[in-house]
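If you want the building blocks of each chain, they are given just below.
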Amino acid sequence: MTIGQGIFLVAVLAFAYYATRLRSTRSDRLIYVCLAVAGFLLVLYPGWSTGLAHLVGIGRGVDLIIYLFMVFSLFHYAGNASRAKQLERAMTELIRQGALDTARPDSQVRADADVMRVMSE
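Okay, so let's go over this structure. (Residues numbered from 1 in each chain as written. Predicted model: local features only at pLDDT ≥ 70, side-chain atom pairs only at ≥ 80, totals over all residues. Heavy atoms only, no water.)

A closer look at the overall build of the protein
Which entries qualify depends on this criterion: Only DSSP runs of H or I reaching four residues or more are called helices, and only runs of E reaching two or more are called strands; each is numbered from the N terminus. Here the term buried applies to any residue with accessible area under 20% of the maximum for its type, exposed to any over 50%, and partly exposed to those in between, with areas from a 1.4 Å probe on protein chains only. Here a residue-residue contact requires only that any non-hydrogen atoms of the pair lie within 4.5 Å.
Of regular secondary structure, the protein possesses 5 helices and 0 strands. Walking the protein from its N terminus toward its C terminus, one meets helices and strands in the order α-α-α-α-α. Relative to its 121 residues, the protein shows a buried fraction of 14%. Put simply, of all contacts in the protein between residues at least 6 apart along the chain, 57% involve residues at least 24 apart.

Below is the structure:
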């Protein structure tokens, strides 16, 4: 196992721990900023990716960038899944509240059922 593979493995395990235990809005923003700065620097100085890749035992700089993109994609997916669950909970609460607000008294429901039965006969 190369140093790069070990680092990538540790990064994926750290992400799994982070996603299940440590997530917060502040830490999410910090990670996004760090990844954006790293991406910005690798675009400005493309030779850095090759040098860093060779330093950790990865053959090409583009492979290192692909590995970093995979970590970023995991992070982004976890963020989107979390937002989707949050929206789902909010929508469920709104629908419940709407149902309670428009609920009719039990006597009115029975009267409506009687009217419908008479109309269908």
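Here we look at the packing of helix H2 (residues 25-44) against helix H3 (residues 46-55)
Axis angle and axis distance: for two packed helices, these are the angle between their axes and the distance between the axes, and together they describe the pair. Applicable threshold: A fitted line through C-alpha atoms represents every axis, and for helices the fit uses only the stretch in contact; the resulting angles, taken between N-to-C directions, go from 0 to 180 degrees. Throughout this description, any angle smaller than 35 degrees is read as roughly parallel, any larger than 145 degrees as roughly antiparallel, any in the 65 to 115 degree range as roughly perpendicular, and the remainder as oblique. Classes in brief: Ala, Val, Leu, Ile, Met, Phe, Trp, Tyr, Cys and Pro nonpolar; Asp, Glu, Lys and Arg charged; the others, Gly included, polar.
Across the interface, H2 lies against H3 with an axial gap of 4 Å and an inter-helix angle of 105 degrees. Of the possible angle classes, the one that applies to H2 and H3 is roughly perpendicular. From H2, Leu41, Leu42, Val43 and Leu44 reach across to H3, where they touch Pro46, Trp48 and Ser49. Of the residues contributing to the contact of H2 with H3, the split by class is 6 nonpolar, 1 polar and no charged.

Overview of the pattern of salt bridges
Let me state the cut-off plainly: Definition used for salt bridges: Asp or Glu carboxyl oxygen within 4 Å of a side-chain nitrogen of Lys or Arg.
All chains considered together, the criterion is met by 1 salt bridge. Here Asp63 makes a salt bridge to Arg60, at a shortest N to O gap of 2.9 Å.

Quick notes on helix H4 (residues 61-102)
So the rule is basically this: For a helix, the expected span equals 1.5 Å multiplied by the number of residues minus one.
The first and last C-alpha atoms of H4 sit 61 Å apart over 42 residues, in line with the 62 Å expected at 1.5 Å per residue. Every buried residue of H4 is accounted for by Gly61, Asp63, Leu64, Phe75, Ala78 and Gly79. Next to the buried residues of H4 lie helix H1 (3-22), H2 and H3.

A word on the packing of H2 against H4
Note the cut-off: For any helix crossing, the convention is left-handed if the near helix is rotated counterclockwise from the far helix by under a right angle, and right-handed if that rotation is clockwise.
Remark: H2 packs on H4, axes separated minimally by 12 Å, with the N-to-C direction vectors making an angle of 150 degrees. When the axis of H2 is compared with that of H4, the two are roughly antiparallel. In the crossing of H2 with H4, the sense of the turn from one axis to the other is left-handed. Residues Asp28, Ile31, Tyr32, Leu35 and Leu42 of H2 form the contact with H4, whose participating residues are Ile65, Leu68, Phe72, Phe75, His76 and Arg83. In the contact of H2 with H4, the residues fall into 8 nonpolar, 1 polar and 2 charged.

Details of the side chain of Ser49
If you trace the backbone, Ser49 turns up in helix H3. Once residues within four sequence positions are removed from consideration, Ser49 is found in contact with Leu42, Gly61, Leu64 and Ile65.

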